[in-house]
Amino acid sequence: MSDETRVKIESDTDVVLARGHGRAIGRKVGFSDTDLTIIVTAISEVARNILIFAKTGEIVLKTADQPGKRGIVIIAKDNGPGISDIPLAMQDGYSRGKDCDGRAEQ
Ligand SMILES: Nc1ncnc2c1ncn2[C@@H]1O[C@H](COP(=O)(O)OP(=O)(O)OP(=O)(O)O)[C@@H](O)[C@H]1O
Ligand SMILES: [Mg+2]
């Protein structure tokens, strides 16, 4: 494992900062532009979840080095309420306040 980059998440600005660090680390590892877009999207999603559900937290980024392959590790930490129903939260398309088609509930 490489050195860690830690970004405190307290505002939208911090989400942008975490995205930038993720892009830089991902680029150094050798990910394609397409993969970098996926990586920063994932960072945005978990960082936004911190702001919405826990108010504050932290994103930790590091490279994963294994023989023959490298990757990026993205850890989202907070001391909020936690996820009460993980299987539900993990369901494809699940989003609080929206139905399965992604439309807002009336
Ligand atoms: N950091 C967190 N703390 C507590 N609950 C969380 C956290 N992150 C996610 N969750 C729970 O998991 C659910 C699924 O998260 P997900 O990001 O997939 O959807 P969402 O945030 O509700 O909507 P979207 O991301 O589409 O705007 C959330 O609705 C919330 O209940
Ligand atoms: Mg979310």
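Further up the page is the structure itself.
This is a predicted model, so every value here is computed, not measured. (Residues numbered from 1 in each chain as written. Chains lettered and ligands numbered in written order. Predicted model: local features only at pLDDT ≥ 70, side-chain atom pairs only at ≥ 80, totals over all residues.)

Draft legend 1. Layout of the sheet that holds strand β3 (residues 69-78). Pairing is antiparallel across the open sheet formed by three strands, whose spatial order is β1-β2-β3. A strand with exactly one partner marks an edge of an open sheet, and here the two such strands are β1 (5-9) and β3. Direction aside, the axes of adjacent strands within the sheet are offset by 20° on average. Relative to strand β2 (residues 57-66), β1 runs antiparallel, the two sharing five bridges. Paired with T5 across the bridge in β2 is L61. Lying on the sheet, helix α1 (residues 12-29) is in contact with β1, β2 and β3; it crosses β1 at an angle near 160°. Relative to β3, helix α2 (residues 33-54) is tilted by about 10°, and along the sheet it contacts β1, β2 and β3. (Pairing = 2+ DSSP bridges. Helix = DSSP H or I, 4+ residues; strand = E, 2+ residues; numbered from the N terminus. Axes fitted to C-alpha atoms, helices over the stretch in contact; angles between N-to-C directions. Contact = placed C-beta atoms within 7 Å.)

Draft legend 2. Region of the structure containing the nonpolar core. Of all hydrophobic cores here, the largest spans twelve residues; its members are V7, I9, V15, A18, I25, I39, I43, A47, I50, I59, L61 and I72. Broken down by secondary-structure element, the contributors of at least two residues to this core are β1, α1, α2 and β2. Top contributing element to this core by residue count: α2, with four residues. Residue contacts for I39: discarding those within four places in its chain leaves G22, G26, F31 and I72. (Core = buried A, V, L, I, M, F, W, Y, C linked by C-beta atoms within 7 Å. Buried ≥ 20, exposed ≤ 12 C-beta atoms within 10 Å, placed from the backbone.)

Draft legend 3. Summary view of unusual backbone geometry. Despite not being glycine, K55 shows a phi value in the positive range, around 75°. Here K55 is to be found in the loop between α2 and β2. For K55, a count of 12 C-beta atoms within 10 Å corresponds to the exposed category.

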